[in-house]
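Residue-level structural notes
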Amino acid sequence: MTINFDTPANGKLSREDVAALKQQFRAARAEHGFVATDTDFFAPAVHEWMDAIENGGTLTTDAAARIFAGTRVTLSMRDAMLVAVLSDADEAGTMEIAGNPHDSKSVGLVFDALNKVFRDPSALPDTTKCGNALDAIADLLDNATEACDTAHLHAVTAYIKWWLGDIDAAGKAAARALETDNGCNLAQIIMTAHEFDVTPAWRTTMGV
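Residues numbered from 1 in each chain as written. Predicted model: local features only at pLDDT ≥ 70, side-chain atom pairs only at ≥ 80, totals over all residues. Heavy atoms only, no water.

Topic: the packing of helix 1 (residues 15–32) against helix 3 (residues 61–71)
Helices that pack against each other are described as a pair by the angle of their axes relative to one another and the distance between those axes. At a minimum axis distance of 9 Å, the contact between helix 1 and helix 3 shows a crossing angle of 65 degrees. Relative to helix 3, the element helix 1 lies roughly perpendicular. The crossing of helix 1 and helix 3 is right-handed. Residues V18, L21, K22 and F25 of helix 1 touch helix 3, and the partners they reach there are A65, R66, F68, A69 and G70. A per-class count over the contact of helix 1 with helix 3 returns six nonpolar, one polar and two charged. (Axes fitted to C-alpha atoms, helices over the stretch in contact; angles between N-to-C directions. Helix = DSSP H or I, 4+ residues; strand = E, 2+ residues; numbered from the N terminus. Parallel < 35°, antiparallel > 145°, perpendicular 65-115°, else oblique. Left-handed = near helix turned anticlockwise from the far one by under 90°. Contact = heavy atoms within 4.5 Å. Nonpolar A, V, L, I, M, F, W, Y, C, P; charged D, E, K, R; others polar.)

Pasting the structure below:
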């Protein structure tokens, strides 16, 4: 069974759009369970995200709405977006993180991706993928409304910029995330790295 959601047509999101979709998402989770609902809810956004980071381009209003509404309920899509950039996870693996984040495989993928960049000097950033991701996120933020939860997109931006070696820009993005949500753990990781001048493993090895 596929769970259908009423998402807004192309155009700028409104406060009402995000609120209505978040309500649909919560109701579907209560009726159908987290895994089935989250998988169906995030699948279109994951597909668009994977295409955007590989080939460039921006996300549709449908995908944007799913990300903004969904992030107010669960952070699995945020983690999936970041892992897709930091690692070689394919669409199936990324979808597993978004739809079934508590599965042991998903937990392992997230943990490995987030920690590898700190510890493994052979883990080098794909600059094209990172650039495409930053462009897509910037477009999402440009179209955000006051109802949107933007902290986590700023945090993803911070993590990617930190991995690219742009430590100062990463710190600024992390600060922006924490201004919006001071409990954003992902942003706190990068803010700590910025404050203590912790750099990605590849940069330390190269003496940059």
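Remarks on the side chain of S106
Structurally, S106 can be placed in helix 6 (residues 104–119). Here S106 falls in the buried class, since its relative accessible area comes to 0%. (Buried < 20%, exposed > 50% of the residue type's maximum accessible area, 1.4 Å probe, protein only.)

Some points on the packing of helix 4 (residues 76–86) against helix 7 (residues 127–142)
Contact geometry for helix 4 and helix 7: axes closest at 9 Å, N-to-C directions at 155 degrees. In terms of orientation, helix 4 lies roughly antiparallel with respect to helix 7. Every residue of helix 7 that contacts helix 4 at M81, A84 and V85 is listed here: K129, C130, A133 and L140. Looking at side-chain class alone, the contact of helix 4 with helix 7 contains six nonpolar, no polar and one charged residues.

Some words on the nonpolar core
Membership of the largest hydrophobic core comes to 67 residues, with the highest contact counts inside it found for W49 and I160. If sequence neighbours within four positions are ignored, I160 has contacts with L82, V85, C130, A133, L134 and I137. (Core = buried A, V, L, I, M, F, W, Y, C linked by side-chain atoms within 4.5 Å.)

With respect to the environment of I97
Following the sequence through the fold, I97 ends up in helix 5 (residues 91–99). A relative accessible area of 1% means that I97 is categorised as buried. Distance in space between the C-alpha atoms of I97 and N115 is 16 Å, their sequence separation being 18 residues. When residues no more than four places from it in sequence are discounted, the contact partners of I97 are S76, D79, A80, V83, S106, L109 and V110.

Quick notes on the packing of aromatic side chains
Note on aromatic pairs: each is described by the distance of the centres and the angle between the planes. A full pass over the atoms with the stated rule returns seven aromatic pairs. Here F118 and Y159 contribute two aromatic rings whose centre-to-centre distance is 6.3 Å and whose plane-to-plane angle is 85 degrees, an arrangement assigned as edge-to-face. You can see F118 sitting in helix 6 and its partner Y159 sitting in helix 8 (residues 151–164), a full 41 residues away along the chain. Look at F118 and you get partly exposed, because its relative accessible area is 27%. A relative accessible area of 0% means that Y159 is categorised as buried. A cation over an aromatic ring shows up here: R66 above the ring of F41, its NZ or CZ 5.6 Å from the ring centre. (Phe/Tyr/Trp six-rings, centres within 6.5 Å; stacked < 30°, edge-to-face > 60°. Lys NZ or Arg CZ within 6 Å of the ring centre and 35° of its normal.)

Some remarks on a negative patch on the surface
A contiguous patch of negative charge, built from D51, D88, D90 and E91, is present on the exposed surface. Tracing the backbone through its elements, the reader meets E91 in helix 5. For E91, a relative accessible area of 35% corresponds to the partly exposed category. (Patch = residues over 30% accessible without salt bridge, like charges linked within 9 Å, V, L, I, M, F, W, Y side chains within 5 Å. Areas by Shrake-Rupley, 256 points an atom, 1.4 Å probe, with all protein chains shown as cover. Salt bridge = Lys/Arg side-chain N within 4 Å of Asp/Glu carboxyl O. Lys, Arg positive; Asp, Glu negative; His and termini not counted. Charge placed at Lys NZ, Arg CZ, Asp CG, Glu CD.)

So far we have only geometry, and geometry alone does not tell us how the molecule works.
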